[in-house]
Amino acid sequence: MFGILFFILFTPGVSEFLCSSSDLEMSYTFCDSAAYSFMFNLTPCSIMNQPIWKASLTWIPTSDISILNIIFKVWYDGAKALYWKEALCSGVDDEYAVCGMLKGETIATTFDIKGARTKFPKGNYNIILEGFSDDFENNMVICLNFTMIVKQDPF
């Protein structure tokens, strides 16, 4: 199992290497003009026979997080493959640790990413993750552009 833990406080647009293995490469950039204090860890760096990835996230938001709407877009080899929008925090009876955090507070959490449901074919994936702290997608609190290169088919 391979994972890289790093702390990032940098200018937007600079690519950050996440991990590399014989079957997977991942990196990301921030896709907006803001600079963030952000840390992300992912283990293992593999999609072959790995039904669950362990992820750790540390982030200092630039806005209060009473509302958090996430938009998740995936492109596979240049074609749009997925668009998913979810309200993670609504301000009432929220289940996620990030909900209710105040601007400048440190969010430190771990979670599972369940990949067993999806077999990722060999190819290049671009994944955009946008987070908004309002219902109208005006107040962006984070924007990440992940690049995932799957080097071999899992079939």
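These notes cover the structure that comes with them.

**Examining the sheet that holds strand β3 (residues 24-30)**
The antiparallel open sheet is built from six strands, whose spatial order is β2-β3-β10-β9-β6-β7. The sheet is open, and its two borders are formed by β2 (16-20) and β7 (79-89), each paired with just one other strand. Mean inter-strand twist for the sheet, computed between neighbouring axes without regard to direction, equals 15°. As judged from the 10 bridges shared by strand β9 (residues 123-132) and strand β10 (residues 140-150), these two strands associate in the antiparallel manner. Among the inter-strand pairings, Gly123 is bridged to a residue of β10, identified as Val150.

**Side note on the packing of aromatic side chains**
Tallied over the entire structure, the rule returns eight aromatic pairs. An angle of 80° between the planes, with centres 5.8 Å apart, marks the rings of Phe30 and Phe38 as edge-to-face. On the basis of relative accessibility, which here comes to 3%, the residue Phe30 falls in the buried class. A centroid spacing of 5.6 Å and a plane angle of 90° characterise the contact between Phe120 and Tyr125, whose relative ring orientation is edge-to-face. For Tyr125, a relative accessible area of 5% translates into the label buried.

**Some points on the pairing of strand β4 (residues 37-43)**
Both faces of the sheet carry side chains from a regular strand, because those side chains alternate between them. Judged by how many residues are buried, β4 sits mostly within the fold: seven of seven residues are covered. Every second residue of β4 is oriented toward a common face, with Ser37, Met39, Asn41 and Thr43 on one face and Phe38, Phe40 and Leu42 on the other, all of them buried. Summarising the sheet, β4 and strand β5 (residues 52-60) pair through seven bridges and their orientation is antiparallel. By the bridge assignment, Phe38 is partnered in β5 with Trp59.

**Side note on the nonpolar core**
Formed by 33 residues in total, the largest nonpolar core has its most connected members in Leu24, Met26, Phe38, Phe40, Trp59, Val98 and Phe146. Broken down by secondary-structure element, the contributors of at least two residues to this core are β2, β3, β4, β5, β6 (68-76), β9 and β10. Sort the elements by how many residues they give to this core and β10 lands first, with six residues. Once residues within four sequence positions are removed from consideration, Val98 is found in contact with Trp59, Ile65, Leu68, Cys89 and Ile107.

Reading guide: rules and limits
Residues numbered from 1 in each chain as written. Predicted model: local features only at pLDDT ≥ 70, side-chain atom pairs only at ≥ 80, totals over all residues. Heavy atoms only, no water. Pairing = 2+ DSSP bridges. Helix = DSSP H or I, 4+ residues; strand = E, 2+ residues; numbered from the N terminus. Axes fitted to C-alpha atoms, helices over the stretch in contact; angles between N-to-C directions. Phe/Tyr/Trp six-rings, centres within 6.5 Å; stacked < 30°, edge-to-face > 60°. Buried < 20%, exposed > 50% of the residue type's maximum accessible area, 1.4 Å probe, protein only. Core = buried A, V, L, I, M, F, W, Y, C linked by side-chain atoms within 4.5 Å. Contact = heavy atoms within 4.5 Å.

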